[in-house]
Amino acid sequence: MAMLFFYAATIASIIITILLVLHVLDRKRSCKDPLFIDWPLFGMSLQLLYNLSQIHDFLANVLNRKGGTAEFMGPWFTNMNFLLSTDPMNAHHVFSKNFENYVNGPEFRDVFDVFGDAIIATDDLEKWRYMKSLFLSLIKHKGFDIFFEKTIQNKVKNSFLPVLDHAWLQGTVLDLQDVFCRFTFDNTSLMVLGFDPKSLSLGFPTVEAEKAFDDIEKCLFYRQMVPKSVWKFQKWLQIATRYESLDAKLLRDYGFNFFAAGRDTIASVLTWFFWLVASHPAVEAKILEEIEKVFGAVDRGNYKILSTEDVKKLVYLHGALCEVLRLFPPIPMERKKPIKADILPSGHVVDSNTNIVFSFYGMGRSEEIWGKDCLEFKPERWINEKGGIVHVPSYKFISFNAGARTCLGKDMSFIQIKIVTSAIFQNYRVRIVKDHSDEVTPSLSIILLMKHGLKVKITKRQV
Ligand code: HEM
């Protein structure tokens, strides 16, 4: 009996060893351009986990050093392998030229299940075209522009500026990121649901739905970092199956997509903008100078909220915002999957099992695209000789995505951000709290916010 057990154990060990050797050989064969060393069992995940707190900078550096495209092999038997890229020609190929061959894929819809079946996540081209035309007919409607402008202007005047005034009078430290998130949450709710939850009010009330959004975004990032089986099991433990009617689900999906698209993306740009501008006084002076040149000396204290037509004249401010979007893209990565096998312009072969991840963050900091000064905050790079905005193709300036599925809220976003920033600039000076700059680091979330918020002091500009 003991002998029998011995033989069985020996045969089992030989089979396991052969399988492991084959597995290692298979990984070596399929990975021609490794991102890091592929360790037994853990694959390349150790380096990633070790650098998790600085993941975007870390990946940007490694990818740009490796010529823009490399392969990441996850832990053994987890199916977490990715082809990572910052190559603009690959982006052009995937998002524009060969767009119908590249989808979000079932894994994406699994991880991002909260997006449901609406415009951002759907891979059904018919459905997507229909939803896109619906969305465009809404925002191109004559009445929408006026409704949009009035909603933003009222919110800035009646909620945003009074909160800043209060912080100035009390001399309190303000988390500006929290203020922006509340502002965009109320606005989106007003536009999508016709209801103002007034999360941006003195006293900063807790609005459960707003907090829930932060949690969802962090959870979606986490799901991309751990094997599927782990988060599936956690989900199974946490949620009991609920009944939801089809109509209610569709409505919720549409609502969630608009909240996700418009809320934290805008808050992210506003937050990084004020951080960059506070540390670049020359840029701050030029923005103020432009506002005063276009609209005359500002009547401080008499809040003038600019209109959509007004803010279109602020070219330097536009350039500064493009710089923020380049250096801190609110959606720092995007993943795609081919339907059929294909060869990318970088020479990498992909098939229906390949997960391609574009680091938009890395593309914004690529020397190949932006030149040697790619890490500097220079609004001037966006201004042409005629004083207009330099056109950069979307597969290079990719913060709003590229090709057919380019963000539909791009123009709206610029208008909203410019109305808010110009209102703040005319009336207040924003200063980062001493020592807080050391704490400024991106959060681990699908939207690039600041992990510890943006702590500032507000003073009123003198007449
Ligand atoms: C600075 C702010 C914003 C940035 C950086 C941004 C960025 C993006 C990106 C990267 C995508 C592609 C997402 C994907 O395919 O996974 C996208 C899609 C989209 N965005 Fe935005 N977005 C912003 C604001 C908005 C706003 C305010 C709206 C309007 C409510 C909006 C509406 C949409 C829609 C509808 C799509 C889906 C487009 C499609 O698949 O055809 N976005 N956006």
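Residues numbered from 1 in each chain as written. Predicted model: local features only at pLDDT ≥ 70, side-chain atom pairs only at ≥ 80, totals over all residues. Heavy atoms only, no water.

(A) Up close: the overall build of the protein. From N to C terminus, the protein includes 18 helices and 10 strands. A sequence separation of at least 24 residues applies to 74% of the contacts in the protein between residues at least 6 apart. (Helix = DSSP H or I, 4+ residues; strand = E, 2+ residues; numbered from the N terminus. Contact = heavy atoms within 4.5 Å.)

(B) Just the site of the ligand, in detail. Near the ligand you find 23 residues, and of these Trp128, Glu334, Arg405, Cys407 and Ser413 are the closest. Within the side chain of Trp128, one N or O atom sits 2.7 Å away from an oxygen atom of the ligand. Between Glu334 and the ligand, the recorded distance is 3.0 Å, taken from a side-chain N or O atom to an oxygen atom. Breaking the shell around the ligand down by element, the ones donating at least two residues are α6 (125–139), α11 (246–262), α12 (264–278) and α18 (410–427). (Near = heavy atom within 4 Å. Polar contact = N/O pair within 3.5 Å; in protein donor to acceptor, adjacent residues only side chain to side chain.)

(C) A look at the packing of helix α8 (residues 176–193) against α12. Relative to each other, α8 and α12 sit at 150 degrees, their axes nearing to 9 Å. Classed by the angle they form, the pair α8 and α12 counts as roughly antiparallel. Of the two possible hands of crossing, α8 and α12 adopt the one that is right-handed. Of α12, the residues touching α8 (which contributes Leu176, Gln177, Phe180, Cys181 and Thr184) are Asp264, Ile266, Ala267, Leu270, Thr271 and Phe274. (Axes fitted to C-alpha atoms, helices over the stretch in contact; angles between N-to-C directions. Parallel < 35°, antiparallel > 145°, perpendicular 65-115°, else oblique. Left-handed = near helix turned anticlockwise from the far one by under 90°.)

(D) The arrangement of the pattern of salt bridges in detail. Counted by the stated rule, this structure contains 18 salt bridges. For Lys150, the salt bridge is made with Glu149, and the minimal N-O distance between the two is 3.8 Å. With relative accessibility at 40%, the residue Lys150 sits in the partly exposed group. Residue class for Glu149 comes out buried when judged on its relative accessible area of 14%. Within this structure, Glu323, Arg326, Asp373, Lys378 and Arg381 form a network of salt bridges that share partners. (Salt bridge = Lys/Arg side-chain N within 4 Å of Asp/Glu carboxyl O. Buried < 20%, exposed > 50% of the residue type's maximum accessible area, 1.4 Å probe, protein only.)

(E) The arrangement of the coordination of the iron atom of the ligand in detail. With respect to protein ligation, the iron atom of the ligand binds only Cys407 (SG), at 2.3 Å. Within the secondary structure, Cys407 sits in the loop between α17 (367–370) and α18. (Donors = N, O, S within 2.8 Å, 3.2 Å for Na, K, Ca; no water.)

(F) Here's a closer look at a nonpolar patch on the surface. On the surface, Met3, Phe6, Tyr7, Ile11, Ile15 and Leu19 cluster together into a nonpolar patch covering about 650 Å² of accessible area. Within the element layout of this structure, Ile15 appears in helix α1 (residues 2–30). On the accessibility criterion, Ile15 (46% relative accessible area) is partly exposed. (Patch = residues over 30% accessible without salt bridge, like charges linked within 9 Å, V, L, I, M, F, W, Y side chains within 5 Å. Areas by Shrake-Rupley, 256 points an atom, 1.4 Å probe, with all protein chains shown as cover.)

(G) Highlighting the sheet that holds strand β9 (residues 428–432). Read from one edge to the other, the open sheet built from 3 strands follows the order β4-β10-β9, with strand pairing classed as antiparallel. Strand pairing shows two members of the sheet lacking a second neighbour, β4 (174–175) and β9, which therefore form its edges. By the bridge criterion, 5 bridges tie β9 to strand β10 (residues 455–460) in an arrangement that is antiparallel. Bridge pairing links Arg431 to Lys457 in β10. Set on the sheet, helix α7 (residues 142–170) makes contact with β4, β9 and β10; between it and β10 the angle comes to about 90 degrees. (Pairing = 2+ DSSP bridges.)

(H) Fine view of the sheet that holds strand β2 (residues 82–85). Spatially, the 5 strands line up as an open sheet ordered β1-β2-β8-β5-β3, and their pairing is mixed. Of all the strands in the sheet, just β1 (69–72) and β3 (102–103) have a single pairing partner and so form its edges. Against the sheet, helix α3 (residues 55–65) engages β1, β2, β5 (333–338) and β8 (355–359), with an angle of about 80 degrees to β2. Here helix α4 (residues 88–97) sits on the sheet and contacts β1, β2, β3, β5 and β8; the angle it forms with β8, its principal contact strand, is near 120 degrees.

(I) The arrangement of the nonpolar core in detail. With 96 residues, the main nonpolar core has Phe160, Phe273 and Ile287 as its most contacted residues. The biggest single contributor to this core is α12, with 10 residues. Not counting residues within four places of it along the chain, the set of residues in contact with Ile287 comprises Phe273, Val277, Tyr316, Leu317, Ala320 and Phe425. Phe36, Phe58, Ala70 and Leu84 belong to the second largest nonpolar core, which has 15 residues in total. (Core = buried A, V, L, I, M, F, W, Y, C linked by side-chain atoms within 4.5 Å.)

(J) Molecular detail of the packing of α8 against α18. In contact at an axis separation of 13 Å, α8 and α18 are set at 135 degrees when each is read in the N-to-C sense. It follows that α8 is oblique to α18 by the angle criterion. Of the two elements, α8 crosses α18, and the hand of that crossing is right-handed. Between α8, through Phe180, Phe183, Thr184 and Asn187, and α18, the contact on the second element is made entirely by Gln416, Val420 and Ile424.

(K) Structural context of helix α13 (residues 281–295). With 15 residues, α13 extends 21 Å from end C-alpha to end C-alpha; this agrees with the ideal 21 Å at 1.5 Å per step. Among the residues of α13, those classed as buried are Val283, Glu284, Ile287, Leu288, Glu290 and Ile291. Along the axis of α13, the buried residues cluster in a sector spanning 155 degrees; they form a single face. Across from the buried face of α13, at angles greater than 90 degrees, the exposed residues are Pro281, Ala282, Glu289 and Lys293. If you follow the buried residues of α13, they end up packed against α12, α15 (315–327), α18 and β9. Within two residues after α13, Gly296 carries a phi angle of roughly 80 degrees, on the positive side. (Expected span 1.5 Å × (residues − 1). Arc of directions from axis to C-beta.)

(L) Region of interest: the confidence of the model for the protein. When pLDDT is averaged along the protein, the result is 86; 86% of the residues meet or exceed 70. The least confident element of the protein is helix α10 (residues 228–238), whose mean pLDDT is 54; the most confident is α15, at 98. Note on residues 239–244: pLDDT is under 50 here. Beyond four places in sequence and across chains, it has 1 contact. (pLDDT = per-residue confidence, 0-100.)

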